[in-house]
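Below are the chains, spelled out letter by letter.
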Amino acid sequence: MNNIQSYIKDNKERFLNELVDLLKIPSVSADSAYKKDVLLTADFVLNSLKKAGCDNVEMCETPGYPIIYGEKIIDKSLPTVLVYGHYDVQPADPIELWTSPPFEPVIKKTETHPEGAIFARGACDDKGQMYMHVKALEYMTSTGNLPCNVKFMIEGEEEVGSESLAWFVPRNKEKLANDVILISDTGMIANDIPSITTGLRGLSYVEVEVTGPNRDLHSGLYGGAVANPINILTKMIASLHDENNHITIPGFYDNVEELSTEERAEMAKAPFSLDKYKDALKIDEVHGEEGYSTNERNSIRPTLDVNGIWGGYIGEGAKTVIASKAFAKISMRLVPNQDWRNITELFKNHFESIGSKSVTVKVTPHHGGQGYVTPTNNIAYQAASQAYETSFGKTPIPQRSGGSIPIVALFEQELKSKTILMGFGLDSDAIHSPNEHFGVWNYLKGIETIPYFYKYFTELSK
């Protein structure tokens, strides 16, 4: 693989142009208005896998958006790597906060990315990182450097819970059979501090609705005499944390994994500047559960956050009204051993019980998934570590992520495979936020590093 850097250099502009074309398609799975665009993106991925060297590529129909499957089988006696990624993206809202249109990709230089970063929705999560694997395959097939078998499974519903994937995987175990699953949908500590994600939090996502009077009311004629659903909803939400920012739902912490003092000390060795963290977010102080550091709060501790809240009049000017209804969307990030279905039920029972008799409370579960911890003592992790050492010249640091990829636990349950999370994004890349971006250097470094994983995993499997 001595020619990999020259191959990337020779094809750099094409690699970037192809990613830009992919990012132009607004594949927002959460909004049915973008259905045609999501399907157009599926076509793009299918054709890209064909061009990259897959011998067999299929658009697999599901109850929802299709899953793109591709494979390159060179010798059935060799190991098989299954690559997972997703081609759908988050909604771009609020549009007005983007410095350039979210689906008109542009490359801009930043302090973190002096070589430039691609600004667009999905640039890092996950189109850019998924496409690294397609281009890595192209390199390996076109230069005769593919050392083992490879399969691709790219879905279009990750951002809305992967329901169709959960339907597809149990029905296609033989097709998806593999020795290890490789995913790039996470990040690393810094461009000069590579890291491998060894843990993911689970997720429970719900929507709540509080209903008071049967219609919106004049706040002068009825104010003080009739329950205001917005007032009540905000009080209910505020009660979900105590003065130490501990979640107050009964039973919520029953199965929370408590890391040992030694494990927490190992985590603390990862480079981290609280001052730089606050400066990057333009905040004066951090906030979170008492007794835990910032890096512990966002990785090994469960959380509960309001993702959206609305009701009443929010247009320009004033309208004196008591709304009939108030709503909120709430997500809970969970740690290993917390079952997302159980947590959803605990939330539902508690939230419906704390509402005033003057309103009706409804909790609607949306989606969720289990947390996951990947071992560091197997050959897949060793292969990933060697791959980073080769391309970065440094041994990567294992770290737990605060994010969730709910299907990782499903893969282990159904396919009996371990997952390796080789992410190349940075915390500052603004995924799920306005001005999401992905460093050009990171994109190309991922393409350079991934083939080494195949090489070392094949060698260690012998």
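Each remark here, short or long, concerns the structure printed above.
Since we're looking at a predicted model, the values are computed, not measured.

> I'm lost on the overall build of the protein chain in this one. Help?
A tally of regular secondary structure across the protein chain gives 13 helices and 18 strands. Taking 2.2 N^0.38 as the reference for a compact globule, 462 residues should give roughly 23 Å; the C-alpha atoms of the protein chain span a radius of gyration of 23 Å, in line with that estimate. For the C-alpha atoms alone, the extent of the protein chain along its principal axes is close to 80 × 50 × 45 Å. Every one of the 462 residues in the protein chain was classed for burial, and the buried ones make up 54%. Long-range contacts, defined here as pairs at least 24 residues apart, represent 78% of the contacts in the protein chain between residues at least 6 apart. For the protein chain, the exposed surface amounts to about 20700 Å²; the carbon and sulfur share of it is 49%. Treating the 44 positive side-chain charges of the protein chain as one cloud and the 61 negative ones as another, the clouds have centres 3 Å apart.

> Before we go on, may I ask you to explain the side chain of S385 in this structure?
Looking at the secondary structure, you find S385 in helix α11 (residues 379-392). For S385, a relative accessible area of 9% translates into the label buried. Non-local contacts of S385, meaning those with residues more than four positions away in its chain, are made with I196, T395 and P396.

> Explain the sheet that holds strand β5 (residues 117-119) here, please?
What links the strands of a sheet is backbone hydrogen bonding, and the strands pair in either a parallel or an antiparallel sense. Pairing is antiparallel in the open sheet, where three strands are placed in the order β4-β5-β18. Unpaired on one side and paired on the other, β4 (106-108) and β18 (437-439) mark the two borders of the sheet. With strand direction ignored, the average angle separating the axes of adjacent strands in the sheet is 30°. Across three bridges, the pairing between β5 and β18 is antiparallel. Within the sheet, the bridge partner assigned to I118 lies in β18 and is F438. Across the face of the sheet, helix α13 (residues 440-461) comes into contact with β4, β5 and β18 while running at roughly 60° to β18.

> I would appreciate a short explanation of helix α4 (residues 163-171) in the present structure.
What sets the pattern is the α-helix's 3.6 residues per turn: residues three or four places apart point alike. Buried within α4 are the following residues: S164, L165, F168 and V169. An end-on view of α4 places all buried positions within 125° of arc, on one side of the element. Summarising the geometry of α4, the exposed residues directed more than 90 degrees from the buried face are E163 and R171. Summarising the contacts, the buried residues of α4 are in contact with β1 (56-60), β2 (67-72), β3 (80-86), β6 (149-155) and α12 (407-415).

> Would you mind showing me how to read the packing of α4 against α12 here?
Think of two packed helices as two axes; the pair is described by the angle between the axes and how far apart they sit. Between α4 and α12, the shortest axis-to-axis distance is 10 Å and the interhelical angle comes to 15°. Taken together, the axis directions place α4 and α12 in an arrangement best described as roughly parallel. In this structure, the crossing between α4 and α12 has a hand that is right-handed. Contacts from L165, A166, V169 and P170 of α4 reach α12 at I407, L410, F411, E414 and L415.

> Looking at this structure, how should I read the packing of helix α2 (residues 35-52) against helix α3 (residues 127-142)?
Orientation of α2 relative to α3, taken along the N-to-C sense of each, is 20°, at an axis distance of 8 Å. With respect to α3, the axis of α2 lies roughly parallel. Contacts between α2 and α3 involve T41, F44, V45, S48, L49 and A52 from the first element and K127, M130, Y131, V134, L137, E138 and T141 from the second. For the contact of α2 with α3, the per-class residue count stands at eight nonpolar, three polar and two charged.

> Quick question: what am I supposed to make of the pattern of salt bridges here?
The full count for this structure, using the stated rule, is 21 salt bridges. One salt bridge connects K72 with D55, and the closest N-O pair in it is separated by 3.2 Å. Here K72, found in strand β2, pairs with D55, found in the loop between α2 and β1; they are 17 residues apart in sequence, far enough to count as distant. For K72, a relative accessible area of 19% gives the class buried. Through salt bridges that share partners, R14, E18, K135 and E138 make up one connected network.

> Just checking my understanding: could you explain the side chain of E209 for this structure?
Of note, E209 is situated in strand β9 (residues 202-211). Polar contacts involving the side chain of E209 include one to the side chain of T211, which spans 3.4 Å.

> Before we go on, may I ask you to explain the nonpolar core in this structure?
One recurring pattern in soluble globular proteins: nonpolar side chains tend to sit buried together. Membership of the largest hydrophobic core comes to 65 residues, with the highest contact counts inside it found for Y443, F453 and Y454. Per-element accounting of this core gives the leading share, ten residues, to α13. Once residues lying within four places of it in the same chain are set aside, the contact partners of F453 are V81, V180, L182, A380, A383, A384, A387, I420 and M422. Formed by 28 residues, the second largest nonpolar core is a distinct cluster that contains A227, V256, A326 and A328.

> Just checking my understanding: could you explain the environment of N307 for this structure?
Here N307 lies in strand β11 (residues 303-311). On the accessibility criterion, N307 (43% relative accessible area) is partly exposed. As a C-alpha pair, N307 and D88 span 219 residues in sequence and 20 Å in three-dimensional space. Sequence-distant contacts of N307, that is, excluding residues within four places in its chain, are made with Y205, K329, I330 and S331. Here S331 takes part through its side chain, which lies 2.9 Å from a polar atom of the side chain of N307.

> Would you take a moment to explain the state of the cysteines for this structure?
Covalent bonding between the sulfur atoms of two cysteines defines a disulfide. Per the counting criterion, the structure on display carries zero disulfides. This cysteine, C148, is not joined by any disulfide, and C54 carries the nearest cysteine sulfur, 13 Å off.

> What am I meant to see in unusual backbone geometry here?
Glycine aside, a negative phi is what most residues show, and trans is what most peptide bonds show. Between D93 and P94 the backbone carries a cis peptide bond, its omega angle lying at -5°. Relative to the helices and strands, P94 resides in the loop between β3 and β4. Going from D125 to D126, the amide bond is cis rather than trans, its omega being 0°. With respect to the element layout, D126 can be found in the loop between β5 and α3. The phi torsion at N245 lies on the positive side, around 60°, for a residue other than glycine. N245 gets classed as partly exposed once you look at its relative accessible area, which sits at 21%. Of note, the phi angle at N435 is positive, near 65°, even though the residue is not glycine.

What counts and how
- Residues numbered from 1 in each chain as written.
- Predicted model: local features only at pLDDT ≥ 70, side-chain atom pairs only at ≥ 80, totals over all residues.
- Heavy atoms only, no water.
- Helix = DSSP H or I, 4+ residues; strand = E, 2+ residues; numbered from the N terminus.
- Rg over C-alpha atoms; globule rule 2.2 N^0.38 Å.
- Buried < 20%, exposed > 50% of the residue type's maximum accessible area, 1.4 Å probe, protein only.
- Contact = heavy atoms within 4.5 Å.
- Areas by Shrake-Rupley, 256 points an atom, 1.4 Å probe, with all protein chains shown as cover.
- Lys, Arg positive; Asp, Glu negative; His and termini not counted.
- Charge placed at Lys NZ, Arg CZ, Asp CG, Glu CD.
- Pairing = 2+ DSSP bridges.
- Axes fitted to C-alpha atoms, helices over the stretch in contact; angles between N-to-C directions.
- Arc of directions from axis to C-beta.
- Parallel < 35°, antiparallel > 145°, perpendicular 65-115°, else oblique.
- Left-handed = near helix turned anticlockwise from the far one by under 90°.
- Nonpolar A, V, L, I, M, F, W, Y, C, P; charged D, E, K, R; others polar.
- Salt bridge = Lys/Arg side-chain N within 4 Å of Asp/Glu carboxyl O.
- Polar contact = N/O pair within 3.5 Å; in protein donor to acceptor, adjacent residues only side chain to side chain.
- Core = buried A, V, L, I, M, F, W, Y, C linked by side-chain atoms within 4.5 Å.
- Disulfide = S-S within 2.5 Å.

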